Amino acid sequence: MVKKGFILLILAAMAVIIVGAFAGFTGNTDLGYVANHYASNGASEVGSANLVTAVVVTYRGLDTLGEVTILFLSAAIVGFFLKVENTDNKDRKLKYVSEILNTASQVLVPIIILFGVYVFINGHLSPGGGFQGGAILASGFVLMFIAQPKKEISHKMVTILESISGVSFVLLGVAGIIFASGFLDNTILSLGKFGTLFSAGAIPIIYIFVGLKVGSELTSIALSLKENQNEA
Amino acid sequence: MIEKLNLENISLAVGIIVILIGLWGLLTQKNLIKIVIGFALFDTGIHIVMVSIGYIKGRTAPILDSAVDVNNASQIVVDPIPQALVLTAIVIGLGITALMLSYVLKMYQKRKSLEINNYKDLKW
């Protein structure tokens, strides 16, 4: 009973703090100093039509490196934690997969993967980018795991793909230091015509590697969880 | 009160409600999976709050297409920085949720129980 009282007290205190902040919120009327710089000069400095992409990949590229590192760490810990010692599938009981799911997945998985690739290649033009595209790629693989639980996918292949794209991402960043003005500077390639697919310098290439890395990391998390599946 | 009923205030209020629901779930639920869901809700609420703080009335998404004049973009688009931050936060939240779920899975495999009261090893 005392515990419930404490919980109510914490919730009420939190509500008072947040509602107080809400009552004082009047809404923005103008961009801040930094955001103003990004919005005015994003097109000429970075050449990316999507300003969020310009901020994520170029202006705050180091943040993205940290983010990718955190994702890699969590995928590695999940893989370490859920390591399956005996890999014989004989005594595992798996859920029955219906005919509809199986057939639909064969049609849908290639389309979902194609859509994911589309999203991360067009990250500098339309809403989307490496992280979103990678998540869509991984969702296609998750559908495949659900529909065909017996199918084996090599963990090693996923890891190799992830390592290659991660190293390429960092190498592109270092190339920005050597050939241009800073880490992940995208002007190592020509900026091209604004608003076309081959524009914004190195951003499409960086986002392809980020997309592949995020996709393979999320796939490896799902793969580790799948290998632990046992309905018994 | 009526002047508070515009888009940024409504989304901010929704975010705050989601944060409080998530906190309530974290503190009161006994099932480990439900605690993880509470954590994910807390995370989502913070994302909604961040995006609604970056919103500016009457402006459009920060994508310079045919709807936005490039030379005058800073007067037309909303703040891109909170959106980029939320993009980062969503990915990290996903990684943390996957990590917590794998801990739950391992605990369930050891004890065959999802009830948090059955795990008293570190309780004094």
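Residues numbered from 1 in each chain as written. Chains lettered and ligands numbered in written order. Predicted model: local features only at pLDDT ≥ 70, side-chain atom pairs only at ≥ 80, totals over all residues. Heavy atoms only, no water.

### Examining the overall build of chain B
Thinking step 1. Looking only at helices and strands, chain B features three helices and zero strands.
Thinking step 2. The C-alpha radius of gyration computed for chain B amounts to 20 Å, which surpasses the reference 14 Å derived for 124 residues by more than 25%, pointing to a less compact arrangement than a globule.
Thinking step 3. Its C-alpha atoms put chain B at 60 × 35 × 20 Å along the principal axes.
Thinking step 4. Among the 124 residues that make up chain B, the fraction classed as buried is 39%.
Thinking step 5. If you take every contact in chain B between residues at least 6 apart in sequence, the share linking residues at least 24 apart comes to 56%.
Thinking step 6. For chain B, the computed accessible surface area is about 6,900 Å², with 69% contributed by carbon and sulfur atoms. (Helix = DSSP H or I, 4+ residues; strand = E, 2+ residues; numbered from the N terminus. Rg over C-alpha atoms; globule rule 2.2 N^0.38 Å. Buried < 20%, exposed > 50% of the residue type's maximum accessible area, 1.4 Å probe, protein only. Contact = heavy atoms within 4.5 Å. Areas by Shrake-Rupley, 256 points an atom, 1.4 Å probe, with all protein chains shown as cover.)

### Side note on the interface of chain B and chain A
Thinking step 1. Each side of the interface is counted separately: chain B has 47 residues, and chain A has 49 residues.
Thinking step 2. Summed over both partners, the interface of chain B with chain A buries about 4,200 Å², with 75% contributed by carbon and sulfur atoms.
Thinking step 3. For the interface between chain B and chain A, the tally reads zero salt bridges.
Thinking step 4. Remark: the boundary between chain B and chain A carries one residue pair in polar contact (both at pLDDT 80 or more).
Thinking step 5. Considering each element in turn, the side of chain B that touches chain A owes the most residues, 17 residues, to helix 3 (residues 80-111) of chain B.
Thinking step 6. Its residues assigned to classes, the side of chain B that touches chain A shows 30 nonpolar, ten polar and seven charged. (Buried area = accessible area lost by both parts, 1.4 Å probe. Salt bridge = Lys/Arg side-chain N within 4 Å of Asp/Glu carboxyl O. Polar contact = N/O pair within 3.5 Å; in protein donor to acceptor, adjacent residues only side chain to side chain. Nonpolar A, V, L, I, M, F, W, Y, C, P; charged D, E, K, R; others polar.)

### Digging into the nonpolar core
Thinking step 1. In this structure, A:Val56, A:Phe131, A:Ile206 and A:Val210 are the most contacted members of the largest nonpolar core, which totals 42 residues.
Thinking step 2. Mapped by element, the contributors of at least two residues to this core are helix 2 (33-45), helix 3 (51-59), helix 4 (61-81), helix 6 (130-147), helix 7 (155-179) and helix 8 (203-227) of chain A together with helix 3 of chain B.
Thinking step 3. It is helix 8 of chain A that contributes the most residues to this core, seven residues altogether.
Thinking step 4. The contacts of A:Val56, once residues within four sequence positions are left out, are A:Gly61, A:Thr64, A:Phe131, A:Tyr207, B:Ala84 and B:Leu87. (Core = buried A, V, L, I, M, F, W, Y, C linked by side-chain atoms within 4.5 Å.)

### Some remarks on the packing of helix 2 (residues 32-54) of chain B against helix 3 of chain B
Residue and element names in this part refer to chain B.
Thinking step 1. Running from amino to carboxyl end, helix 2 crosses helix 3 at an angle of 180 degrees, the nearest separation of the two axes being 10 Å. What the angle tells us is that helix 2 and helix 3 run roughly antiparallel. Residue-level inspection shows Leu32, Ile33, Val36, Phe39, Asp43, His47, Met50, Val51 and Gly54 of helix 2 in contact with helix 3, the latter providing Pro82, Leu85, Val86, Ala89, Ile90, Gly93, Ile96, Thr97, Met100, Leu101, Val104 and Met107.
Thinking step 2. Considering only residue class, the contact of helix 2 with helix 3 consists of 16 nonpolar, four polar and one charged. (Axes fitted to C-alpha atoms, helices over the stretch in contact; angles between N-to-C directions. Parallel < 35°, antiparallel > 145°, perpendicular 65-115°, else oblique.)

### A look at the packing of aromatic side chains
Residue and element names in this part refer to chain A.
Thinking step 1. The full count for this structure, using the stated rule, is three aromatic pairs over all chains.
Thinking step 2. Judged by centre distance (4.2 Å) and plane angle (20 degrees), the ring pair of Tyr38 and Tyr59 falls under stacked. Remark: Tyr59 occurs in helix 3 and Tyr38 occurs in helix 2; sequence separation between them is 21 residues.
Thinking step 3. Tyr38 gets classed as buried once you look at its relative accessible area, which sits at 8%.
Thinking step 4. A relative accessible area of 24% places Tyr59 in the partly exposed class.
Thinking step 5. When the centroid spacing of 6.4 Å and the interplanar angle of 20 degrees are considered together, the rings of Phe115 and Tyr118 count as stacked. (Phe/Tyr/Trp six-rings, centres within 6.5 Å; stacked < 30°, edge-to-face > 60°.)

### Some thoughts on the packing of helix 6 of chain A against helix 8 of chain A
Axes are the key here: two packed helices are described by the angle between their axes and the distance separating the axes.
All names here are of chain A.
Thinking step 1. Interaxial distance between helix 6 and helix 8 falls to 7 Å at its minimum, and their mutual angle equals 30 degrees. Helix 8 is crossed by helix 6, and the crossing has right-handed handedness. Here Gly130, Phe131, Gly134, Ala135, Leu137, Ala138, Phe141, Val142 and Phe145 of helix 6 lie close against helix 8, whose contacting residues are Tyr207, Val210, Gly211, Leu212, Val214, Gly215, Leu218, Thr219, Ala222, Leu223 and Lys226.
Thinking step 2. Class assignment of the residues belonging to the contact of helix 6 with helix 8 gives a composition of 14 nonpolar, five polar and one charged. (Left-handed = near helix turned anticlockwise from the far one by under 90°.)

### A closer look at unusual backbone geometry
Thinking step 1. Phi is positive for B:Lys112, close to 55 degrees, though the residue is something other than glycine.
Thinking step 2. The class of B:Lys112 is exposed, set by a relative accessible area of 56%.

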